[in-house]
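Breakdown of the fold
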Amino acid sequence: MTTIGVVGAGAAATAATHVVDQAREDVEVTILEKSGGLCGRAATRRRGPVTYDYGANYLKDRDSRVTELITETMDTEGLVDTRGPIYAYERDGEIGPGRDSDDRKWSYEAGLTQIAKRLLDRTDATVHRNTRVERIHREGEQWRLTDADGQSWGPFDALVVNPPAPQTADLLRTAEWDDPLREDLLEAIDAVPYRSVWTAVLHYPFELDRPYYAVINTDAEHEIGWIAREECKPGHVPDGESLLVVQAGQDWSERHFERDPETNVAELIDLTADLLDDERLREPDWTDHQGWRYALPDEPVRQGPIDSATDHGLYFVGDWVPGEARIHAALRNGLDTGEKLVYGL
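Parameters at a glance
Residues numbered from 1 in each chain as written. Predicted model: local features only at pLDDT ≥ 70, side-chain atom pairs only at ≥ 80, totals over all residues. Heavy atoms only, no water. Pairing = 2+ DSSP bridges. Helix = DSSP H or I, 4+ residues; strand = E, 2+ residues; numbered from the N terminus. Axes fitted to C-alpha atoms, helices over the stretch in contact; angles between N-to-C directions. Expected span 1.5 Å × (residues − 1). Buried < 20%, exposed > 50% of the residue type's maximum accessible area, 1.4 Å probe, protein only. Contact = heavy atoms within 4.5 Å. Phe/Tyr/Trp six-rings, centres within 6.5 Å; stacked < 30°, edge-to-face > 60°. Parallel < 35°, antiparallel > 145°, perpendicular 65-115°, else oblique. Left-handed = near helix turned anticlockwise from the far one by under 90°. Nonpolar A, V, L, I, M, F, W, Y, C, P; charged D, E, K, R; others polar.

1. Points about the sheet that holds strand β10 (residues 126-128)
Ordered by their spatial adjacency, 5 strands build an open sheet running β10-β2-β1-β14-β20, and the pairing between neighbours is parallel. Each end of this open sheet is capped by a strand with a single partner; those strands are β10 and β20 (314-316). On average, each strand axis in the sheet is inclined to that of its neighbour by 15°, with strand direction left out of account. Relative to β20, strand β14 (residues 158-161) runs parallel, the two sharing 3 bridges. Looking across to β20, one finds that Val-160 is bridged to Tyr-315.

Take a look at the structure:
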């Protein structure tokens, strides 16, 4: 039996796992996920009858292979298309028609985490949640992992690493692996630039009447980078209610990332009311928040060291590998990496 260890249960890792499991019966996959959820930044929470995607907003149909996976291979029950266009604004806050492409903006009635859940449901992989990997070890031709509680996992014939580039680099920095390639990998992965995003979720007991699903800041000069109306996703918000997912701009997020969350939420509430020109928005009936330290990779990783690592049974996946902060890019990277695994084992 060939064994594969996977660090992280993001979209890319679960897509790779799916490909391997469908192609090989002699493979045993073990996934160690640091959080209690699945699918990384494609994250969903629920509060009573309300469901909301508070990280990535939706899945685009920009990649034909990913579209086939979502609409033909996987169960489509509960798959929904977000209603409404995306409007735009610049520093002055004047909102007007913006990008209104024909791309579908998919989620599920139960939220974007369904992507990873449904992929894994089609496999025999074992998933251990709330298990943070602290160290990677190379033992001969195999790999071993140690978690935060000191438990050892493995050995594995191949290792798939899914965390954001900075966290992946930290694992390599402390890895017990004496090979010149480690330094080349560290240099390449450390060079991937990331943006932070601080997000506030604002719920209201009334329905907003707007012609758009979301508004986006196109010049990166406003404190708010994005506001989305979650009620535009069928099944997410009951009729007569509204829920805004407010993502602060990069500069604001970096300046205030470590500040008291209540202060951040209060400021974003006022900025939202000002931008959308609605005084009612200053009084949400409940809120939520999340800081995403490593939210958006801006450039792809240098591919040479990443390709060379496969000779050692080491694979890196995630949206940072192609350098496109989109779920479809992460899924495509996972599908491609899964094929490399199938033929490389």
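2. Description of helix α7 (residues 261-276)
The end-to-end C-alpha distance of α7, which contains 16 residues, comes to 22 Å, matching closely the 22 Å that a straight helix rising 1.5 Å per residue would cover. Those residues of α7 lying buried are Asn-264, Val-265, Leu-268, Ile-269, Leu-271, Thr-272, Ala-273, Leu-275 and Leu-276.

3. Details of the environment of Tyr-108
Turning to its location among the elements, Tyr-108 is positioned in strand β9 (residues 105-108). Take Tyr-108: its relative accessible area is 2%, and that puts it in the buried class. Discounting residues that sit within four places of it in the chain, Tyr-108 has contacts with Ile-70, Met-74, Asp-75, Glu-77, Gly-78, Leu-79, Val-80, Gln-114, Ile-115, Arg-118 and His-236.

4. Thoughts on the packing of aromatic side chains
For the structure shown, the criterion picks out 11 aromatic pairs. Pairwise contacts between aromatic rings join Tyr-52, Tyr-54, Trp-286 and Trp-292 into one cluster.

5. Points about the packing of helix α1 (residues 11-23) against helix α3 (residues 114-121)
At a closest axis distance of 9 Å, the pairing of α1 and α3 adopts a crossing angle of 20°. In terms of axis orientation, α1 runs roughly parallel to α3. Between α1 and α3 the crossing geometry is left-handed. Residue-level contacts link Thr-14, Ala-15, Thr-17 and His-18 of α1 to Ala-116, Leu-119 and Leu-120 of α3. Looking at the contact of α1 with α3 residue by residue, the classes come out as 4 nonpolar, 3 polar and no charged.

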